[in-house]
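Read off the chains here:
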Amino acid sequence: MSGAPQDLWRAAVARDPARPFLTHYDDATGERVELSFTTTDNWVAKTANLLVDELCAEPGERVGLWLPTHWQTVVWYLACWATGTVPALGADPADCAHAVADPEHAEATVDCPGTRLLVPLRPLGGRAATVPTGMLDYAAEVPTHGDRFAGPPVLATAPALERAGVTLDGAALVAAARADATEHGLSGASRVLFTGDLGSAAGLAAGLLGPLAAGASVVLCRNVDRTRLPDRAQAERVTHQLS
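All residue numbers here refer to positions counted from 1 along the written sequence of the relevant chain. Only residues with pLDDT of 70 or above have their local features reported here, since the model is predicted, and side-chain atom pairs are shown and tallied only from 80 upward, although totals for entire chains, interfaces and linings are computed over all residues. The basis for every side-chain value is the complete set of non-hydrogen atoms in the structure, without hydrogens or water.

Asks: Lay out the environment of V142 in plain terms, naming residues and giving numbers.
Replies: The residue V142 is located in the loop between helix 4 (138-141) and strand 8 (159-163) in this model. Categorising residues by exposure relies on relative accessible area from a 1.4 Å probe, with only protein chains included: less than 20% of the type maximum marks a residue as buried, more than 50% marks it as exposed, and the intermediate range marks it as partly exposed. Classification of V142 as buried rests on a relative accessible area of 1%. Runs of H or I in DSSP of at least four residues are treated as helices and runs of E of at least two as strands, each being numbered from the N terminus.

Asks: Please give an account of the sheet that holds strand 5 (residues 98-101) that cites residues and values.
Replies: Pairing between strands requires that DSSP locate at least two bridges from one strand to the other. Taken together, seven strands build an open sheet; the order of strands is 7-6-5-3-4-8-9 and the sheet is mixed. Edge positions in the sheet fall to strand 7 (136-137) and strand 9 (166-169), since each of these pairs with one other strand and no more. Against the sheet, helix 5 (residues 170-183) engages strand 8 and strand 9, with an angle of about 75° to strand 9. What makes two residues a contact is simply this: any of their non-hydrogen atoms within 4.5 Å. Whenever a helix is involved, its axis is fitted only over the stretch in contact; in every case the axis is a line through C-alpha atoms, and angles between N-to-C directions fall within 0 to 180 degrees.

Asks: Just give me the short version of the packing of aromatic side chains, but keep the residues and values in it.
Replies: Think of it this way: a Phe, Tyr or Trp ring, Trp meaning its six-membered ring, pairs with another when their centres are within 6.5 Å, and the plane angle makes it stacked under 30 degrees, edge-to-face over 60, tilted otherwise. For the coordinates displayed, the defined rule picks out seven aromatic pairs. Look at W9 and F21: their rings are 5.0 Å apart centre to centre, the planes differ by 55°, and that puts the pair in the tilted class. With W9 in helix 1 (residues 5-15) and F21 in strand 1 (residues 20-26), this pair connects stretches of sequence that are 12 residues apart. Per residue, the accessibility class of W9 equals that of F21, and both read buried. Plain terms: the ring middles of W43 and Y138 are 6.4 Å apart, the flat faces sit at 40° to each other, and that makes the pair tilted. Remark: Y138 occurs in helix 4 and W43 occurs in helix 2 (residues 37-54); sequence separation between them is 95 residues. You can call Y138 buried: its relative accessible area is 0%. Linked through ring pairs, W43, W71, W76 and Y138 together constitute an aromatic cluster. Put simply, a charge is over a ring when the Lys NZ or the Arg CZ is close to the ring centre, within 6 Å, and near the line of the ring normal, within 35 degrees. In this arrangement the basic side chain of R232 is found over the ring face of Y25, its NZ or CZ atom lying 3.9 Å from the centre.

Asks: Pulling in residues and values, what's your account of the pairing of strand 10 (residues 191-194)?
Replies: Every second residue of strand 10 is oriented toward a common face, with R191 and L193 on one face and V192 and F194 on the other, all of them buried. Note: strand 10 against strand 11 (residues 217-222), four bridges, orientation parallel. Within strand 11, the position partnered with R191 by the bridge is S217. Here the term right-handed applies to a crossover when the path leading from its first strand over the helix to its second strand runs clockwise, the strands being oriented away from the viewer. Traced from strand 10 through helix 6 (residues 201-214) to strand 11, the parallel crossover comes out right-handed. By the bridge criterion, three bridges tie strand 10 to strand 12 (residues 240-242) in an arrangement that is parallel. Its bridge partner being in strand 12, L193 is matched across the sheet by Q241.

Asks: Any details on the packing of helix 3 (residues 71-83) against helix 6? Residues and values, ideally.
Replies: The geometry of helix 3 relative to helix 6 is characterised by a closest axis approach of 12 Å and an angle of 55° between their N-to-C directions. In terms of orientation, helix 3 and helix 6 fall into the oblique class. Pair helix 3 / helix 6 crosses with right-handed handedness. On the side of helix 3, the interface is formed by V74, Y77, L78 and W81, while helix 6 contributes L204, L208, L209 and L212. Here the residues of the contact of helix 3 with helix 6 sort into eight nonpolar, no polar and no charged. Should an angle fall under 35 degrees it is called roughly parallel, over 145 degrees roughly antiparallel, and 65 to 115 degrees roughly perpendicular, with every other angle called oblique. Crossing handedness: left-handed means the near helix sits turned counterclockwise from the far one by under a right angle, and right-handed means the same turn made clockwise. Think of it as three bins: nonpolar holds Ala, Val, Leu, Ile, Met, Phe, Trp, Tyr, Cys and Pro, charged holds Asp, Glu, Lys and Arg, and polar takes everything else, Gly as well.

Right under this line is the structure:
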């Protein structure tokens, strides 16, 4: 198998598409969302098609992400890797071809010269109540796009992540994924409860890349109420808790 992040995803989906992949909690709103590998893959395909067909994104272009730990953030990472575009974290928006932000960070993207997308982060992927001037509502745009994405292969040597000006290729991300899976003893039967920051190097490895390498499922927690975690871990049959 190639050493590219999208290959980890394709292998994980192929193992058992119907099983749960992402369970997302937001303790500020009481939201709980569960997505199977198939449902997540559908969101990834639609988002990848949006990138290519609507934004005309090209492989190697930076897609600035200003998003929190959330199931839709996972979708954006996977869609960027599928299209060969580069998720850029902590970048100057003026240097990004496109920008994607939640409502809290929408203003940070105003200098982006390309398309700016608002991810409302509403329950069940609902549309935004209001959209800032100059932005498109991702939740309104993405449903119109195809359920399958058939882009060209992305090489492991292609850039796959930029964080604070440092660029990593796909092979480096896959190596980090496999190392994290080994370090934490993850397998396809593992269920990881993650309470950290998907935007950090350690957080991306623990909350997404490591589980992908193992084919494990993930319980993402946002606005964490730590008093709820013991009962949640039991109810969700969690095997590993990582932050």
